[in-house]
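Results of the structural survey
Listed below, chain by chain, are the residues.
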Amino acid sequence: ISLHHRLDGGLGDSLYAWDLQRCSWADFMVYLSRGLLHMSGVGPIRQFLLSKRKVDRRQLARLLKGFVWYWVAFPAILLWAIPSLSFYFWIVLQPLVCMSFFIALINNGFHAFIEAARVPSVESVTLLGSLDDYFGEDDHQTHHLAPHVYYRDLPEHQKQQREIWARDHGSVFYGPDALTFGVLILLKAWPVLAERYVDFSGKLTQSDIATMLETRARRLELEHSALLPPLQDRAATGKPGAPRRTFVVHDAPCRPADPGPKRLFCAFTAWSHRAQLVVAREMASVLPPVRQGLAD
């Protein structure tokens, strides 16, 4: 809450994602390390240590207490009671690694998109109509911006957001669950995601939507320079609507005059994109069908 929710995924969050392409497998491998640091407690401790806010000093003391219990006291008690490193690994460490992967994948999807200005309805994704959305967990925008809304009240709250979604071309999709959505982002399945995008403005074509989504997922707030980004308060990262420096990373163009290895790499990249799209369409085929007139 003191990091991810206060900063809404912005600079200083121990799960910060906007210095990496959210649609890049290579960048995601780096982001997995950030997820592991977050889940282990090391990432938040480092961010709290750098913070000048008094409240973060208090949070640091609480987190350090839990950190010592988890990494020192609990292993000592467990290994005294059950002297087996194998048991400790499979019961404690292996689930931690799995959860680190899981949270990195879903957070990479939930915060896949940014614009040149801070637009909350773009930066946090809303997923409608998924098969496992029991308590509103797939509406990540409400999770950040209106966490007080009870899950049974979500449909009414979402209706109130439609004007904002139409104005901002908000990140609203129908059908995918959080895990599937994160994978579709990594697969660069822009045509598939465009079919699932709910255009409340009614002005965008499928091609427009696919281009918009790719641009937003490739847009960076700063160049990646460290495993954990510097900590800044909300005032330093900009309030909603405030402009900020961003840039969009594009793949290097392939030309006939390129040397053989470069042409071979380009051919492999083109083939992999087609293969990933085939996988994405197969995944999307088992999702709930898009409801017609959802944006009306």
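Before going into details, it helps to say that this report is about the structure given with it.

What counts, and at which threshold
- Residues numbered from 1 in each chain as written.
- Predicted model: local features only at pLDDT ≥ 70, side-chain atom pairs only at ≥ 80, totals over all residues.
- Heavy atoms only, no water.
- Helix = DSSP H or I, 4+ residues; strand = E, 2+ residues; numbered from the N terminus.
- Polar contact = N/O pair within 3.5 Å; in protein donor to acceptor, adjacent residues only side chain to side chain.
- Contact = heavy atoms within 4.5 Å.
- Expected span 1.5 Å × (residues − 1).
- Buried < 20%, exposed > 50% of the residue type's maximum accessible area, 1.4 Å probe, protein only.
- Salt bridge = Lys/Arg side-chain N within 4 Å of Asp/Glu carboxyl O.
- Core = buried A, V, L, I, M, F, W, Y, C linked by side-chain atoms within 4.5 Å.
- Phe/Tyr/Trp six-rings, centres within 6.5 Å; stacked < 30°, edge-to-face > 60°.
- Disulfide = S-S within 2.5 Å.

Turning our attention to the side chain of D19. Turning to its location among the elements, D19 is positioned in the loop between α1 (4-7) and α2 (25-40). Here R34 takes part through its side chain, which lies 3.0 Å from a polar atom of the side chain of D19. Setting aside residues no more than four positions away along its own chain, D19 makes contact with R34, L220, L222, E223, H224 and A226.

Attention now goes to α2. Here α2 is 16 residues long and its end C-alpha atoms lie 23 Å apart, about the 22 Å a rise of 1.5 Å per residue gives. All buried positions along α2 are accounted for by D27, F28, Y31, L32, R34, G35 and S40. Elements in contact with the buried residues of α2: α3 (42-50), α4 (54-81), α5 (85-110) and α10 (178-186). Two to three positions downstream of the cap, the backbone nitrogen of A26 sits 3.4 Å from a side-chain oxygen, assigning the N-cap of α2 to S24. Of the residues flanking the end of α2, it is G41, one or two places downstream, whose phi is positive at about 95 degrees.

Scanning the entire structure with this criterion turns up 9 salt bridges. The closest approach of N and O atoms between R216 and E115, which form a salt bridge, is 2.8 Å. Here the residue R216 occupies a position in helix α12 (residues 206-218), and E115 occupies one in the loop between α5 and α6 (120-123), the gap between them amounting to 101 residues. For the salt bridge of D168 with R167, the shortest nitrogen-to-oxygen distance reads 2.9 Å.

Membership of the largest hydrophobic core comes to 29 residues, with the highest contact counts inside it found for F113, F173, F181, I185, W190, L193 and L213. Counting only elements with at least two residues in this core, the list comes to α5, α10, α11 (190-196), α12 and α14 (260-284). No other element matches α12, which puts 5 residues into this core. Ignoring anything within four residues of it in the chain, the contact list for L213 reads F113, F173, W190, L193, A194 and Y197.

What follows deals with the packing of aromatic side chains. In total, this model carries 13 aromatic pairs according to the counting rule given. Judged by centre distance (5.5 Å) and plane angle (75 degrees), the ring pair of F173 and Y197 falls under edge-to-face. Remark: Y197 occurs in the loop between α11 and α12 and F173 occurs in strand β2 (residues 172-174); sequence separation between them is 24 residues. Of the residues examined, F173 reaches a relative accessible area of 0% and is grouped as buried. When its relative accessible area of 7% is taken as the criterion, Y197 is described as buried. Each member of the aromatic cluster is reached from another via a ring pair, and the members are F113, F173, F181 and Y197.

Here the structure, examined in full by the defined rule, presents 1 disulfide. The disulfide bridge from C254 ends at C266, spanning 1.9 Å between sulfur atoms. Sign of the S-S torsion, about -90 degrees for the bond between C254 and C266, identifies this disulfide as left-handed. Of this pair, C254 sits in the loop between β4 (247-248) and α14 while C266 sits in helix α14; the two residues are 12 residues apart in sequence, bridging distant segments of the chain. For C254, a relative accessible area of 47% corresponds to the partly exposed category. On the basis of relative accessible area, C266 is assigned to the buried category, the value being 11%. Summary of cysteine pairing: C23 is not part of a disulfide, and the nearest cysteine sulfur, belonging to C254, is at 16 Å. Look at C23 and you get buried, because its relative accessible area is 0%.

The residue D8 is not glycine, and still its phi comes out positive at about 50 degrees. Position of D8 relative to the elements: it lies in the loop between α1 and α2. Even without being glycine, H169 reaches a positive phi, approximately 50 degrees.

A word on the environment of S51. The topology assignment puts S51 in the loop between α3 and α4. Taking the relative accessible area as the measure of exposure, S51 reaches 3% and is therefore buried. For the pair S51 and Y197, spaced 146 residues apart in sequence, the C-alpha to C-alpha distance is 38 Å. Side-chain polar atoms of S51 contact the side chain of D56, separated by 2.5 Å.

Burial in α3 covers these residues: G43, P44, I45, Q47 and F48. Where α3 is buried, its residues contact α2 and α4.

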